[in-house]
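Inside the fold
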Amino acid sequence: MASLTLSKGHNLSLSKADPGLRRAMVGLGWDPRTTAGTEFDLDASAILVTAAGRVRSNDDFIFYNQLAAADGSVVHQGDNRTGEGDGDDEQILIDLSLVSPDIARIVITVTIDQGDVRGQNFGQVREAFCRVVNEESQQEVVRYDLSEDAAAETAMIFAEIYRNGSEWKFRAVGQGYATGLRGIATDFGIQLD
């Protein structure tokens, strides 16, 4: 099975592309451009969202400080603080069979830690991507390469995995937020301290 590469705004039925897909690994990667020496720390997260477009509680926000959903359906594999090296910088495992029926979408985001304080943004990030791999077969199902610069944004929704009837689908989103993690949190009803 060949992986498909999507453009911003396009979607793919994961259920049709890989009928055996049950356990998906979402791999995210990026490389910071040469900077003035200040380290970049990008953080991936997953947000479990109901049909109303909101989280049920902060337990639906999976990130480096809360690595797993209460039901075990989504598990973050830990924080990569540098983005160095080839391949995925951070990974999030999703067991589609365990996702609660009241969850309509799983939103995959990446934020630049202290981006506003450090004067960093996605215009300074290159080769960013999001991909879905069948964890059992190790076959890449779909990939989205974020090609355009997001000069002012410090946070982005890379993609989402969502229900469409009995199917699971993947959408390449590429939506930036100049308001960072706080902007994303506000949109989905997450309470930040």
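Thresholds, definitions, all that
- Residues numbered from 1 in each chain as written.
- Predicted model: local features only at pLDDT ≥ 70, side-chain atom pairs only at ≥ 80, totals over all residues.
- Heavy atoms only, no water.
- Helix = DSSP H or I, 4+ residues; strand = E, 2+ residues; numbered from the N terminus.
- Buried < 20%, exposed > 50% of the residue type's maximum accessible area, 1.4 Å probe, protein only.
- Core = buried A, V, L, I, M, F, W, Y, C linked by side-chain atoms within 4.5 Å.
- Phe/Tyr/Trp six-rings, centres within 6.5 Å; stacked < 30°, edge-to-face > 60°.
- Salt bridge = Lys/Arg side-chain N within 4 Å of Asp/Glu carboxyl O.
- Pairing = 2+ DSSP bridges.

Under an unreviewed UniProt entry, the protein has the name TerD family protein and belongs to Frondihabitans cladoniiphilus.

1. What about the side chain of Glu167?
Here Glu167 shows up in strand 12 (residues 167–177). Taking relative accessible area as the criterion, Glu167 reaches 18% and is therefore assigned buried.

2. Thoughts on the nonpolar core
In this structure, Leu28, Phe158 and Phe170 are the most contacted members of the largest nonpolar core, which totals 41 residues. With 14 residues, the next largest nonpolar core counts Val55, Ile157, Ile184 and Ala185 among its residues.

3. Considering the packing of aromatic side chains
Per the counting criterion, the structure on display carries three aromatic pairs. Judged by centre distance (5.4 Å) and plane angle (80 degrees), the rings of Phe63 and Tyr64 are edge-to-face. Seen from their ring centres, Phe122 and Phe158 are 6.2 Å apart, and the 65 degrees between their planes marks the pair as edge-to-face. Of this pair, Phe122 sits in the loop between helix 2 (115–118) and strand 9 (125–134) while Phe158 is found in strand 11 (residues 155–164), placing the two residues 36 residues apart along the sequence.

4. Concerning the pattern of salt bridges
Tallied over the entire structure, the rule returns 13 salt bridges. With its nearest N and O atoms 3.1 Å apart, the salt bridge here joins Asp95 to Arg22. Linking Asp95 in strand 7 (residues 90–95) with Arg22 in the loop between helix 1 (14–17) and strand 3 (23–32), this pair joins segments that are 73 residues apart in sequence. Taking relative accessible area as the criterion, Arg22 reaches 34% and is therefore assigned partly exposed. A salt bridge links Asp145 to Arg143; the nearest nitrogen and oxygen atoms lie 3.0 Å apart. Among the residues examined, Arg143 registers a relative accessible area of 21% and is labelled partly exposed. Connected via shared salt-bridge partners are Asp88, Arg131, Glu140, Arg143 and Asp145.

5. Quick word on the pairing of strand 12
The element strand 12 is extensively covered by neighbouring structure, given that eight of its eleven residues are classed as buried. Where strand 2 (residues 11–13) and strand 12 come together, three bridges link them in antiparallel fashion. What sits directly across from Asn11, in strand 12, is Arg171. One ladder, built from nine bridges, connects strand 11 with strand 12; its direction is antiparallel. Across the sheet, residue Ile157 finds its bridge partner in strand 12, namely Gln175. Where strand 11 folds back on strand 12, the antiparallel hairpin that results is connected by two residues, among which Gly165 adopts a positive phi of roughly 65 degrees.

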